[in-house]
Amino acid sequence: MSLIDDAAALLDSAAFGREAIEQFPPGHFTLAQAYDIQRASIAHRLSRGEVLKGIKLGFTSRAKMVQMGIDSLIWGLLTDGMVEEDGGVVDLGRYIHPRVEPEVCFLTRKAIDGPLTSLEAADFIEAVAPAMEIIDSRYRNFRFSLEDVVADNCSSAGLVVGGWSRNFDALGNAGVRMQFDGRDVQVGSTRAILGQPMRSVVQASRLLHGAQMSLPAGSLIMAGAATAAEALRPGVHVECRIGTGTGSASLGNVAFVTSGAAA
Ligand code: OOG
Ligand code: MG
């Protein structure tokens, strides 16, 4: 028990104190224990008054697997304390060495309390939005093993969600364009996310079921990044546009400006 609690306390204070820690020695804990550490570190956040908002998936695209050298799907928990405002200012002083990546976010319409098929998934979704995740590994040099990153709540740190729509038709193969100060830094397609981001909802339902957890209506599901992540620096206008056309073929855009400096 103290292995779990110690690792969770270490990771939580790294996040809270904005100071990277060493990776754990290989074999220090199993993957199952890593998820226990993740839950215990989230408990620290909840005890400070944060509230659960949903879940995120990681490594749902090949671009991310290749960038980080890990090829297993992982998942973590999102809290209200991680939510940054669409169109707002993101203070990089809250982070260690933040990166940003383009994603799609789902809002659930009813509780997910069992495994769903792809045919069922859309019925559980109220709306979809373009989103960006701000990841911030608590490990030095943003390097980690599969167990390390799971224990660290899959690098979850911030998320920015754009306007909701029910343009589910646009989801399967929409263009994804992330820009810094109007210049493309990552370009891809929503198809990179498990071939169709709605599959992230299916995967989320299975993972929740395996963990004997359910997700209430009104929760967020971050589907995972469509492209590799980009390091953030202060004073940049970051924008992500998803959709190749207009109207029902577009999910819209999401943006923020960075300020301050990473600690
Ligand atoms: C781990 C989190 C991966 C995604 O969208 O694939 C992830 C990391 O890259 O630090 O959030
Ligand atoms: Mg992500």
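Everything that follows concerns the structure shown earlier in this document.
All values derive from a computational prediction rather than experimental measurement.

Draft legend 1. View of the pairing of strand 6 (residues 125-135). The element strand 6 is largely enclosed, with a buried count of 10 among its 11 residues. In the sheet, strand 5 (residues 99-108) pairs with strand 6 via 10 bridges, with the strands oriented antiparallel. The residue bridging E103 from the neighbouring strand is A131, located in strand 6.

Draft legend 2. Geometry of the side chain of E50. Among the secondary structure elements, E50 is positioned in the loop between helix 2 (31-47) and strand 1 (52-58). Overall, E50 belongs to the buried group, its relative accessible area being 18%. Within the structure, the side chain of E50 is placed 3.0 Å from the side chain of R45, a separation counted as a polar contact. Of the polar contacts made by the side chain of E50, one reaches the side chain of T79; its length is 2.5 Å. Discounting chain neighbours no more than four positions away, the residues touching E50 are R45, T79, D80 and G81.

Draft legend 3. Quick peek at the pattern of salt bridges. This structure, assessed with the given rule, holds 10 salt bridges. The partner of E50 in a salt bridge is R45, and the shortest N-O contact between them spans 3.0 Å. Comparing E50 with R45, the two get one shared label, buried.

Draft legend 4. Examining the nonpolar core more closely. In terms of nonpolar packing, the biggest core is built from 72 residues, with I55, V104, F106, V201 and F256 touching the most fellow members. Among the nonpolar cores identified, the runner-up in size contains 10 residues, and A129, A131, L159 and V161 belong to it.

Draft legend 5. Here's a closer look at the coordination of the magnesium ion (ligand 2). At this site the magnesium ion (ligand 2) is bound by E101 (OE), E103 (OE) and E133 (OE), with donor distances of 2.0 Å. Of note, the donors binding the magnesium ion (ligand 2) are all from one chain and are spaced E-x1-E-x29-E. A residue pair is termed long-range when its members are at least 10 positions apart, and E103 in strand 5 and E133 in strand 6 qualify at 30 residues. Accessibility assignment for this pair places E103 and E133 in one class, buried.

Draft legend 6. Layout of the sheet that holds strand 4 (residues 89-91). Read from one edge to the other, the open sheet built from 5 strands follows the order 4-13-12-8-9, with strand pairing classed as mixed. Edge positions in the sheet fall to strand 4 and strand 9 (183-189), since each has one partner strand and no second. Shown here is a sheet whose adjacent strand axes are inclined to one another by a mean of 20°, direction ignored. By the bridge criterion, 7 bridges tie strand 12 (residues 237-243) to strand 13 (residues 250-259) in an arrangement that is antiparallel. Bridge assignment links V238 to a residue of strand 13, and that residue is F256.

Draft legend 7. Geometry of the packing of aromatic side chains. For the structure shown, the criterion picks out 4 aromatic pairs. Each ring, one from F24 and one from Y139, has its centre 6.2 Å from the other, and the planes form 80°; the classification is edge-to-face. Highlighted residues: F24 in the loop between helix 1 (2-17) and helix 2 and Y139 in the loop between strand 6 and helix 5 (146-151), separated in sequence by 115 residues. When sorted by exposure, F24 lands in the same class as Y139, which is buried. Here the aromatic residues F24, F29 and Y139 are joined through ring pairs into a cluster of three or more. Seen from the ring of F16, R48 lies directly overhead, with NZ or CZ sitting 4.1 Å from the centre. The ring of F124 has K110 lying over it, and the distance from NZ or CZ to the ring centre is 4.7 Å.

The rules we used
- Residues numbered from 1 in each chain as written.
- Chains lettered and ligands numbered in written order.
- Predicted model: local features only at pLDDT ≥ 70, side-chain atom pairs only at ≥ 80, totals over all residues.
- Heavy atoms only, no water.
- Buried < 20%, exposed > 50% of the residue type's maximum accessible area, 1.4 Å probe, protein only.
- Helix = DSSP H or I, 4+ residues; strand = E, 2+ residues; numbered from the N terminus.
- Pairing = 2+ DSSP bridges.
- Polar contact = N/O pair within 3.5 Å; in protein donor to acceptor, adjacent residues only side chain to side chain.
- Contact = heavy atoms within 4.5 Å.
- Salt bridge = Lys/Arg side-chain N within 4 Å of Asp/Glu carboxyl O.
- Core = buried A, V, L, I, M, F, W, Y, C linked by side-chain atoms within 4.5 Å.
- Donors = N, O, S within 2.8 Å, 3.2 Å for Na, K, Ca; no water.
- Axes fitted to C-alpha atoms, helices over the stretch in contact; angles between N-to-C directions.
- Phe/Tyr/Trp six-rings, centres within 6.5 Å; stacked < 30°, edge-to-face > 60°.
- Lys NZ or Arg CZ within 6 Å of the ring centre and 35° of its normal.

These figures capture arrangement, not role.
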